[in-house]
Amino acid sequence: MAPGGRALGMLVPALLLLFCFRGRAGSPPHFLQQPEDLVVLMGSEARLPCALGAYRGLVQWTKDGLALGGERDLPGWSRYWISGNVASGQHDLHIRPVELEDEASYECQATQAGLRSRPAQLHVLVPPEAPQVLGGPSVSLVAGVPANLTCRSRGDARPTPELLWFRDGVRLDGTTFHQTLLKGRTSGSVESTLFLTPSSQDDGATLVCRAWSQALPTGRDTAVTLSLQYPPVVTLSAEPQTVQEGEKVTFLCQATAQPPVTGYRWAKGGSPVLGARGPRLEIAADASFLTEPVSCEVSNAVGSANRSTALDVLFGPVLEAKPEPMSVDVGEDASFSCAWRGNPLPRVTWTRRGGAQVLAFGPTLRLPSVGPEDAGDYVCRAEPGLPGRGDGAAEARLTVNAPPVVTALHSAPAFLRGPARLQCLVFASPAPETVVWSWDDGFLEAGARGRFLVETFPAAEGPGLISVLHISGTEESDFSKGFNCSARNRLGEGGTRVSLGRRDLLPTVRIVAGVASAAVTLLMVITGVALCCWRHASFSKQKHLVQVPGSSDSSSSRCPEEETGSSEDPGPIMHADHSGLALDEEGALESKDPTNGYYKVRGVSVSLSLGDAPGGGLFLPPTSPLGPPGTPTFYDFNPHLDTMPPCRLYRARAGYLTTPHPRAFTSYIKPTSFGSPDLASGTPHFPYAAFPTPSHPRLQTHV
């Protein structure tokens, strides 16, 4: 058969079949519902719908072009099946549980009608696994040291999860994210790194790493706890914070640290406080604590930290900068400054030493256009801000440079042709370059020339120079001429006139003669008094022995003390009744006070009443043979007077007693007459030479 006939023969049956089918259904086969792309969670059930109209033939599903079969239970595909009412044309594909391998492109086909649905993509979502924080569940960090935390999610999660960081439900920033794909896979493990610099407040904090994806909207969390090692966190307190100078203050250093504290160190103003250990320091406060704070340093294995505090110390004025002395020329300005500190701040005033007027307030004193009268000491005084704190003062000297001021000093008058000395006092600032003495016919600066000698030296007390002009022998003209003392410095010259006084010789001689006369008179008086005292002492030593020259008879009477005593001055003893003896005033011993009224002792008058012997002659007792031949004879009147004398006699003429006699100061009655003694011619009455020199020491009296 020809080719054309053969083709025609095949077309005819097809057309017949088409007309037969169209006539039976009434409309062509078509899709009432086609499958759509579907996203399902792995492990759940996936349903892809498919509905045909006007079709009663075979319906099948393909997976990525692979036919799954026409049976409803899809043998060979245990998790797959087709459901729905066939009469209504419902042919839905079910997959349960969905697995990753089910992710594909699915089509619903009506094979007999030649119909194919549009492809439906099945997406399988794989939820992420719980993430892992490296180093968790507790991570040890060091406070203040930058660190990072890594969160990692492994598995075939689809889509790739996002790792998020949270603290107390608040998302944290500062993270980086990167993904690592596994070979041959579209997904793999992912990591997220959180960068942070922890502080001591982060100790014990909980951070959460959350793996979130569309497959798991709520996400999966992993928590990690931060365990921080941090240096000590220090608080320093002082009690009391305001303190009087010299009072005790207590510092308390408290610290929290991880790991625990290992040591404390105290310092003041940067210098260690020796002997201070532990968290407590007790010390006496002074003014330096106001500017030199106290610090406490606490250490542990991680590091150290310190805190410092300054005290409010109340104290009186303390000098920080004293005023400096100044030297300025006349007419220039001068200024002083001083600095005081105190708490409260002191009040500063300026005065001149010795004056009460306040010249300025504050730390600076300015003196414009000073003159010589402004020279002196200026006082910077600080008054305390609180009463009872005591004040302070500092002073400085102002020296005003001016021409010299020369003053004449007193010079003693000089004798003619004698030495002379003239003086002047020189005040000058700056110091004088030279001091010159000049007169009518000459001048001299220093050294000697002729009769003149000049010497200049510092004053012994106070400032200034003393210049002295010595004249070795004055002349008549020196007393009439004028001497000038002058000084010169860079600012000018000053001088003064000094006169030489004259002293006459005659008044001086008179004075010397008067002094010599007075001295001789005084010496004579002293000699006379000494001689009188010596003679009275001689009379007392004889114990009132009466000597009658020319007698040859001798008899003696001694008291026991005389016999056993010293053998000096032997001779008869005259015993007298002191109440009845009297002498004529011409020959009697005068009654005087030997102390010249110093002791007011009344003199003792001794009178000898010599009775008449038978025949009208003078009764003389037997003589005492004592003494060598040729010596005057002594008479003992004791038998005649019938009186026993005391063994210790007293001196009648001297006026004082060696042993007081009870009748020594009785009233004196002058007798009416005396007998005439028979004495050798030419012999004086009781001569003083008849009494030997006393051997005992003389009793001293005030004359």
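Keep in mind that this is a model prediction, so the values were computed, not measured. (Residues numbered from 1 in each chain as written. Predicted model: local features only at pLDDT ≥ 70, side-chain atom pairs only at ≥ 80, totals over all residues. Heavy atoms only, no water.)

Participant: Please clarify how the nonpolar core should be interpreted in this entry.
Facilitator: Where a protein is soluble and globular, its nonpolar side chains tend to be buried together. Trp-61, Tyr-80, Leu-93, Ile-95 and Tyr-106 are the most contacted members of the largest nonpolar core, which has 23 residues in total. With residues up to four places along the chain from it excluded, the contact list for Ile-95 reads Ser-44, Glu-45, Ala-46, Arg-79, Tyr-80, Asp-102, Tyr-106 and Leu-122. Residues Leu-236, Val-243, Leu-281 and Ala-305 belong to the second largest nonpolar core, which totals 21 residues. (Core = buried A, V, L, I, M, F, W, Y, C linked by side-chain atoms within 4.5 Å. Buried < 20%, exposed > 50% of the residue type's maximum accessible area, 1.4 Å probe, protein only. Contact = heavy atoms within 4.5 Å.)

Participant: Can you walk me through the state of the cysteines in this structure?
Facilitator: Think of a disulfide as a covalent bridge from one cysteine sulfur atom to another cysteine sulfur atom. As enumerated under the stated definition, the model contains five disulfides in all. What pairs with Cys-151 in a disulfide is Cys-209, and their sulfur atoms sit 1.7 Å apart. Torsion about the S-S bond of the Cys-151 and Cys-209 cystine: about -90°, corresponding to left-handed handedness. Highlighted residues: Cys-151 in strand S14 (residues 147-153) and Cys-209 in strand S19 (residues 206-213), separated in sequence by 58 residues. (Disulfide = S-S within 2.5 Å. Helix = DSSP H or I, 4+ residues; strand = E, 2+ residues; numbered from the N terminus.)

Participant: Quick question: what am I supposed to make of the pairing of strand S11 (residues 120-125) here?
Facilitator: Each regular strand carries side chains that alternate between the two faces of the sheet. Pairing of strand S2 (residues 38-41) with S11, which is carried by four bridges, proceeds in the parallel orientation. Across the sheet, residue Val-39 finds its bridge partner in S11, namely His-123. Two strands pair when backbone bridges link them, and strand S9 (residues 105-110) and S11 are joined in this way by two bridges, in the antiparallel orientation. Following the sheet pairing, Tyr-106 is matched in S11 by Ala-120. (Pairing = 2+ DSSP bridges.)

Participant: I'm lost on the side chain of Asp-92 in this one. Help?
Facilitator: Along the chain, the position of Asp-92 falls in strand S8 (residues 92-95). You can call Asp-92 buried: its relative accessible area is 4%. Within polar-contact distance, the side chain of Asp-92 engages the side chain of Arg-47 at 2.7 Å. A distance of 2.7 Å separates the side chain of Asp-92 from the side chain of Gln-90, its partner in a polar contact. Not counting residues within four places of it along the chain, the set of residues in contact with Asp-92 comprises Arg-47, Leu-48, Pro-49, Cys-50, Trp-61, Trp-81, Ile-82 and Ser-83. (Polar contact = N/O pair within 3.5 Å; in protein donor to acceptor, adjacent residues only side chain to side chain.)

Participant: Hey, could you run me through unusual backbone geometry in this one?
Facilitator: In most cases, non-glycine residues show a negative phi, while peptide bonds are predominantly trans. At the junction of Asn-343 and Pro-344, the peptide bond is cis and its omega measures out at 0° in the coordinates. Assignment of secondary structure puts Pro-344 in the loop between strand S31 (339-343) and strand S32 (347-352). In this structure, Pro-430 follows Ser-429 across a cis peptide bond, with omega equal to 0°. Tracing the backbone through its elements, the reader meets Pro-430 in the loop between strand S37 (420-429) and strand S38 (434-439).

Participant: Explain the pattern of salt bridges to me, please; I cannot follow it from the model alone.
Facilitator: As a working rule, side chains carrying opposite charge can pair if their charged atoms are close by. Tallied over the full model, the rule gives 24 salt bridges. Arg-341 is the partner of Glu-320 in a salt bridge, and the nearest nitrogen-oxygen pair spans 3.2 Å. Here Glu-320, found in strand S28 (residues 312-321), pairs with Arg-341, found in strand S31; they are 21 residues apart in sequence, far enough to count as distant. Close ionic contact of Lys-481 with Asp-478 constitutes a salt bridge, the shortest N to O distance being 3.5 Å. Take Asp-478: its relative accessible area is 0%, and that puts it in the buried class. Residues joined by salt bridges that share partners form a network here, namely Asp-441, Arg-451, Glu-475, Asp-478 and Lys-481. (Salt bridge = Lys/Arg side-chain N within 4 Å of Asp/Glu carboxyl O.)

Participant: What is the right way to look at the packing of aromatic side chains in this model?
Facilitator: Any two aromatic rings considered together are summarised by their centre-to-centre distance and by the angle between their planes. What the rule picks out here adds up to eight aromatic pairs. Seen from their ring centres, Tyr-80 and Tyr-106 are 6.5 Å apart, and the 40° between their planes marks the pair as tilted. Taken together, the positions of Tyr-80 in strand S7 (residues 80-83) and Tyr-106 in strand S9 put the pair 26 residues apart, joining distant regions of the chain. Of the two residues, Tyr-80 and Tyr-106, both sit in the buried class. Each ring, one from Trp-439 and one from Phe-483, has its centre 6.0 Å from the other, and the planes form 50°; the classification is tilted. Within this pair, whereas Trp-439 is found in strand S38, its partner Phe-483 is found in strand S43 (residues 483-489), the two being separated by 44 residues in sequence. Here the two residues Trp-439 and Phe-483 agree in accessibility, since each one is buried. Of the aromatic side chains, those joined through ring pairs into one cluster are Trp-77, Tyr-80 and Tyr-106. The ring of Phe-166 has Arg-210 sitting right over it, with the charged end atom 4.5 Å from the ring centre. (Phe/Tyr/Trp six-rings, centres within 6.5 Å; stacked < 30°, edge-to-face > 60°. Lys NZ or Arg CZ within 6 Å of the ring centre and 35° of its normal.)

Participant: How should the confidence of the model for the protein chain be read in this particular structure?
Facilitator: When pLDDT drops low, the exact placement of atoms in the prediction is not to be read closely. With 70% of its residues at a pLDDT of at least 70, the protein chain reaches an overall mean of 76. For residues 1-25, every residue scores under 50 in pLDDT, and the model assigns this stretch four contacts once sequence neighbours within four places are set aside. Note that residues 543-703 has pLDDT below 50 and, in this model, 242 contacts with residues that lie over four places away or in other chains. (pLDDT = per-residue confidence, 0-100.)

Participant: How should I be thinking about the sheet that holds strand S3 (residues 46-48) in this particular structure?
Facilitator: Across a sheet, paired strands are connected by hydrogen bonds in the backbone, their directions being either parallel or antiparallel. As summarised here, the arrangement of the three strands in space is S3-S8-S7, forming an open sheet in which the pairing is antiparallel. This sheet does not close on itself; its edge strands, each paired only once, are S3 and S7. Recorded for the sheet is a direction-independent mean angle of 25° between the axes of neighbouring strands. Both S7 and S8 contribute to a ladder of four bridges, which runs antiparallel. The residue bridging Ile-82 from the neighbouring strand is Leu-93, located in S8. (Axes fitted to C-alpha atoms, helices over the stretch in contact; angles between N-to-C directions.)

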